[in-house]
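One letter stands for each residue in the lines below.
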Protein chains: 2
Amino acid sequence: MTDPATRTDGTPGLRTGRRPGNPDTRSRILTAARKLFAQNGFDKTSVRSVASGAGVDSALVHHYFGTKRQLFLASVDIPVDPTKVIAPVLDTPPDEIGSRLARAVFSVWESPHKPAVVAAFRSAMAGNEPTLIRTFLLEVVLRDLGPRVDEPPGTGMLRMQLVASQMAGVLVTRYILEIEPLASLPVDDLVAIVAPTLQRYLTGDLPV
Amino acid sequence: MTDPATRTDGTPGLRTGRRPGNPDTRSRILTAARKLFAQNGFDKTSVRSVASGAGVDSALVHHYFGTKRQLFLASVDIPVDPTKVIAPVLDTPPDEIGSRLARAVFSVWESPHKPAVVAAFRSAMAGNEPTLIRTFLLEVVLRDLGPRVDEPPGTGMLRMQLVASQMAGVLVTRYILEIEPLASLPVDDLVAIVAPTLQRYLTGDLPV
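Just so we're clear, the structure is a prediction, and the values are computed from it rather than from any experiment.

## Side note on the UniProt feature "DNA-binding region" (unreviewed entry) in chain A
Move 1: Residues annotated in UniProt with the feature "DNA-binding region" (unreviewed entry) correspond here to residues 46-65 of chain A.
Move 2: This span, residues 46-65 of chain A, is 80% helix and 0% strand, and a straight line between its end C-alpha atoms measures 13 Å.

Structure (structure tokens):
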């Protein structure tokens, strides 16, 4: 049997490809993971502490979920690893990041993953696990791009959070409230409209 | 006894200043109002139909809640009439609307009304009464400003919805997720950052 955490084809495991395992054990691990990630954030939570919270061996956690990052994504019910979505954007010339980033994110939101993304967002807004979603944004999603747009130094996080604000707002109006005509706008038009906003937040002057 | 719906000082009644009335009756009226507004929208719901749904006389609905608009605001738990917030913006030169609108909205969100605004938004996101909130946005909030920025003709609603998307996103990141540094940014800085985005959505070129 191949250990899915070290599969040789290098594909991300996440849910598909990973052994489903015993449902009770999986569920105990996820419960412990949610609690600890919410309490202590991503960095300060170890796979060992999750295993211990669930009363299982660390190896079993890796076996069911893969890396700590994959465990985290499973625990927030996010079916796509944002790092993989954002990866192509990292190599983009700075003045094209806005457009590339908008397209990368919408390509997930417009995919079959949409219901899972909307459900995770709704749940976070309802007050369930707000700390988990904050951790997801700050320690997982924004961390990769923040340093790339940290000019002048110290502004990177705010820039990424402004980007997050515009994208979250599109999620709310287009996918949750479904107000027309915004909800039916072709993605190309949406990218063309939103990209300059993201670009200004990423590389424009900020009054701070 | 003065009928609060026709008070001579012209102040908005909403909750304060209106007679609290019998809690059961109020609550029956609100339940009927939520149901009918959600089902039929704002325009197609009459005070008479709400009264009938609650098994009371129309005069009693007016007596407790004032106008249909005030009844609607009470039924979505919004403590401030958005028309009154937006009113000063309507007289603004077109190229200053973005900045004035941002300041007008943040002046409510940063006021003691903040918890009520956040609670209403959270509830809408959780899937409770999404139609009510859609009605609130489309038929109450956006209707006043849409025609003002309908250039070229037919783009007004999309422009206002793009504005709503950016503002909703700030609500999510600053007030619900409370991510720093965005959550603690002084309002003046926030207005300066967001205003050009709103302005472009309101009067800039759209690729549609």
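So, next bit.
## Considerations on the interface of chain B and chain A
Move 1: Taken together, the contact between chain B and chain A spans 42 residues of the former and 41 residues of the latter.
Move 2: Between chain B and chain A, roughly 3500 Å² of surface is buried when both sides are summed, and carbon and sulfur atoms account for 68% of that area.
Move 3: Taken as a group, M125, L177 and I193 of chain B account for 19% of the area that chain B buries against chain A, more than any other trio of residues on that side.
Move 4: Here chain B and chain A share zero salt bridges between them.
Move 5: At the junction of chain B with chain A, the criterion picks out 16 residue pairs in polar contact (both at pLDDT 80 or more).
Move 6: At the level of elements, helix 7 (114-125), helix 8 (130-145), helix 9 (156-176) and helix 10 (187-203) of chain B are the ones that each hand at least two residues to the side of chain B that touches chain A.
Move 7: Ranked by residues supplied to the side of chain B that touches chain A, first place goes to helix 9 of chain B with 13 residues.
Move 8: Its residues assigned to classes, the side of chain B that touches chain A comprises 29 nonpolar, seven polar and six charged.

## Overview of the pattern of salt bridges
All names here are of chain A.
Move 1: Per the counting criterion, the structure on display carries four salt bridges over all chains.
Move 2: Residues D188 and R103 are paired through a salt bridge, measuring 3.1 Å at the closest nitrogen-oxygen approach. With D188 in helix 10 (residues 187-203) and R103 in helix 6 (residues 97-109), the pair connects residues that are 85 residues apart, well separated along the chain.

The rules behind these values
- Residue positions within a chain follow its written sequence, with the count starting from 1.
- Labels follow written order: the first chain is A, the first ligand is 1, and so on.
- In keeping with the predicted nature of the model, local features appear solely for residues at pLDDT of at least 70, side-chain atom pairs appear and are counted solely at 80 or more, and the whole-chain, interface and lining totals rest on all residues.
- The side-chain numbers reported here are obtained from all heavy atoms of the structure, hydrogens and water having been left aside.
- UniProt positions are given in the numbering used here, feature names are shortened, and annotations may be inferred rather than shown by experiment.
- Going along the chain from the N terminus, every DSSP run of H or I of four or more residues is numbered as a helix, and every run of E of two or more is numbered as a strand.
- Should any heavy atoms of two residues lie within 4.5 Å, those residues are counted as being in contact.
- A 1.4 Å probe defines the accessible area here, and the buried area is the portion of it lost by two parts on being joined, summed over both.
- By definition, a salt bridge exists where a carboxyl oxygen of Asp or Glu is found within 4 Å of a side-chain nitrogen of Lys or Arg.
- Here a polar contact is taken to be a pair of N or O atoms separated by no more than 3.5 Å, where protein atoms must pair a possible hydrogen donor with a possible acceptor and residues adjacent in sequence count only if both atoms sit in side chains.
- Basically, the charged four are Asp, Glu, Lys and Arg, the nonpolar ten are Ala, Val, Leu, Ile, Met, Phe, Trp, Tyr, Cys and Pro, and anything else, Gly included, counts as polar.

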